[in-house]
Number of protein chains: 2
Amino acid sequence: MGDEVEKFTVVSLTDGSLSTTEELVAIEAPITIIFNNQELATLLCSPSELDYLAIGFLYSERLIERKDQIKKLLVDEKRGTVRIETVEDIEPAREIMFKRLITSGCGGGTSLYRAADAAVDRVKSKVVISADEILSISGKFQRHSEIYLKTHGVHSAALYDGNKILVFCEDVGRHNAIDKIIGRCLWEGIPTRDRIIITSGRVSSEILYKIAKAGIPVIISISSPTNMGVKIAAEMGITLVGSARGKRFTVYANPERVKTG
Amino acid sequence: MGDEVEKFTVVSLTDGSLSTTEELVAIEAPITIIFNNQELATLLCSPSELDYLAIGFLYSERLIERKDQIKKLLVDEKRGTVRIETVEDIEPAREIMFKRLITSGCGGGTSLYRAADAAVDRVKSKVVISADEILSISGKFQRHSEIYLKTHGVHSAALYDGNKILVFCEDVGRHNAIDKIIGRCLWEGIPTRDRIIITSGRVSSEILYKIAKAGIPVIISISSPTNMGVKIAAEMGITLVGSARGKRFTVYANPERVKTG
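Criteria and cut-off values
Note on numbering: residues in each chain are counted from 1, in written sequence order. Following the order in which they are written, the chains are lettered starting with A and the ligands numbered starting with 1. Local features in this predicted model are restricted to residues of pLDDT 70 or higher, and side-chain atom pairs are both shown and tallied only at a pLDDT of 80 or more, whereas totals for entire chains, interfaces and linings draw on every residue. For side-chain calculations, the full set of non-hydrogen atoms in the structure is used, while hydrogens and water are omitted. Only Phe, Tyr and Trp rings are paired, with Trp represented by its six-membered ring, and only when their centres lie within 6.5 Å; those with planes under 30 degrees apart are stacked, over 60 edge-to-face, the remainder tilted. Criterion for a charge above a ring: Lys NZ or Arg CZ within 6 Å of the ring centre, and within 35 degrees of the ring normal. Relative accessibility thresholds used throughout: buried, under 20% of the residue-type maximum; exposed, over 50%; partly exposed, between the two (1.4 Å probe, protein chains only). Secondary structure elements are defined from DSSP: runs of H or I of at least 4 residues count as helices, runs of E of at least 2 residues count as strands, and each element is numbered from the N terminus. Between any two strands, at least two bridges found by DSSP are needed for them to pair. Only the contacting stretch of a helix is used when fitting its axis, a line to C-alpha atoms as for every element, and angles between N-to-C directions run 0 to 180 degrees. Should any heavy atoms of two residues lie within 4.5 Å, those residues are counted as being in contact. Reported orientations rely on four angle classes, namely roughly parallel under 35 degrees, roughly antiparallel over 145, roughly perpendicular from 65 to 115, and oblique for the rest. Only Asp, Glu, Lys and Arg are considered charged, only Ala, Val, Leu, Ile, Met, Phe, Trp, Tyr, Cys and Pro nonpolar, and every remaining residue, Gly among them, polar.

Trainee: Just give me the short version of the packing of aromatic side chains, but keep the residues and values in it.
Mentor: Applying the stated rule across the entire model yields 2 aromatic pairs over all chains. Sitting over the face of the ring of tyrosine 59 of chain A, lysine 213 of chain A holds its NZ or CZ atom 4.0 Å from the ring centroid. When the ring centre of tryptophan 187 of chain B is taken as origin, the NZ or CZ atom of lysine 67 of chain B, which lies over that ring, is 4.6 Å away.

Trainee: So what's going on with the pairing of strand E8 (residues 155-160) of chain A? Which residues, and what values?
Mentor: Residue and element names in this part refer to chain A. In terms of burial, E8 is a largely internal element, 6 of the 6 residues being buried. Because side chains alternate across E8, one face comprises the buried residues His155, Ala157 and Leu159, and the other comprises Ser156, Ala158 and Tyr160, equally buried. Relative to strand E9 (residues 165-171), E8 runs antiparallel, the two sharing 6 bridges. Following the sheet pairing, alanine 158 is matched in E9 by phenylalanine 168. If you look at the hairpin formed by E8 and E9, you'll find 4 residues sitting between the two strands, and glycine 162 has a positive phi there, around 100°. Of the strand pairs in this sheet, E8 and strand E10 (residues 196-199) are connected by 4 bridges, and their pairing is antiparallel.

Trainee: Now, about the sheet that holds strand E8 (residues 155-160) of chain B: what can you tell me, with residues and values included?
Mentor: Read across the open sheet, the 8 strands follow the order E2(A)-E1(A)-E13(B)-E12(B)-E11(B)-E10(B)-E8(B)-E9(B); overall the sheet is mixed. In this open sheet, the two strands that pair with only one neighbour each are strand E2 (17-26) of chain A together with strand E9 (165-171) of chain B. Direction aside, neighbouring strands of the sheet carry axes that sit 25° apart on average. Both strand E11 (residues 218-221) of chain B and strand E12 (residues 239-245) of chain B contribute to a ladder of 3 bridges, which runs parallel. Bridging across to E12 of chain B, isoleucine 220 of chain B finds its partner in valine 241 of chain B. Docked against the sheet, helix H4 (residues 174-188) of chain B engages E8, E9 and strand E10 (196-199) of chain B, running at close to 140° with respect to E9 of chain B.

Trainee: Account for the packing of H4 of chain B against helix H5 (residues 205-213) of chain B, naming residues and giving values.
Mentor: Residue and element names in this part refer to chain B. Interhelical geometry of H4 versus H5 gives an angle of 5° and a closest axis separation of 10 Å. Classified by the angle their axes make, H4 and H5 are roughly parallel. The segment H4 lies against H5, with Arg174, His175, Ile178, Asp179 and Ile182 engaging Glu206, Ile207, Lys210 and Ile211. Looking at side-chain class alone, the contact of H4 with H5 contains 4 nonpolar, 1 polar and 4 charged residues.

As structure tokens, then:
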């Protein structure tokens, strides 16, 4: 955190009386991604790790696949833009642009239309995780992320390798937190295959498409999934663990990777 | 709820052992709004009260202002469409379509661009609410909505008149829950001025634009706002109460409508 919060003078009720005090509130900033000189999307996000956010977004949108495709990356925090140019000219398909056109609401429906033409391979991985490990890692993650959710209103996501948290990102948007993780992994050459992603946010269809694209075999959420989240996880071979709180969790899809003890 | 949940066979960890059981999961459905024979937007939502959702969305997007502008409203749940035709031909501005084009992520950035050209009057209202009333109504609302958030993963919103809850809506998307409230009010002629809206979701810029458009003077959230939420509330004359949990709450903007006791 740090620069991603702004201080406000507020009136708080504590112990039955109202008093003026100061409080930190999460910053929500519009960031426009300009891809090969074309305005592609404006994301409402926490203004940190904007390079990773843009890369992860472009990867999730299938516009880039590898780091070496990127010729230039320029973050202008003041203007709220991230410019990315590729070595070879990549034009967003008219179809993609149109799909975005008919999209709105929390999360946007674009991903949905990829269901049919997803062409993402089923995730194959021999990774297993024990029930104890799920409890311990999600407990640690939850304690950290719930504080941030309640006090600062941001979501968290983490990449876990079975031993430790490799990458940890925060954002006011749960989709953005995931894109930041994936973007940083792509940029720094951190493999995502055979690894586990943890998220504070609800697991909906779009989150699953991002995870499937990155080939991540296991997702653990402290929140609950939607029915489409469960169906896509089942279809794509992804183990979906949800409602991981306290001493409980629920495996909604592909439970064969979860072992007792 | 009811039809908005789907039953899945899951593996749950309870008391240290894994067992197969059944669980209800919130349904997330893509609904396309077809406005005067033009596909306008696809929302990922809970498939209930789709008429209200579509009307509220069109109102928030400034495409309709009054019920009597609507000639035809046709919900086709199977196809996932809501068709709305207006008496006089209303064409979505090319500008609006383009704005949506450059939008994505959780919430979408379209609203942002309205900041400058909002042309929404500052909300004027003599409504006052006491601290005790905020605690009592948000407590009631929170107990109900938190159960749904944890077990079924849906957000709630309610319209409150100082005596009772007039309208209560649920949706997997926090924006949609608000649109359903506003849409139902428009359709049934329930005034929103001088009333209070309560929401389980975080209060970001887009939520504030919807509230401002409907002329609602007070919003109470059990979650925290973003900095843009606070700024827009301050600017638009809306009292923003957040983090209303247990015996506490925080007034982030226009506290003059909140009285002690």
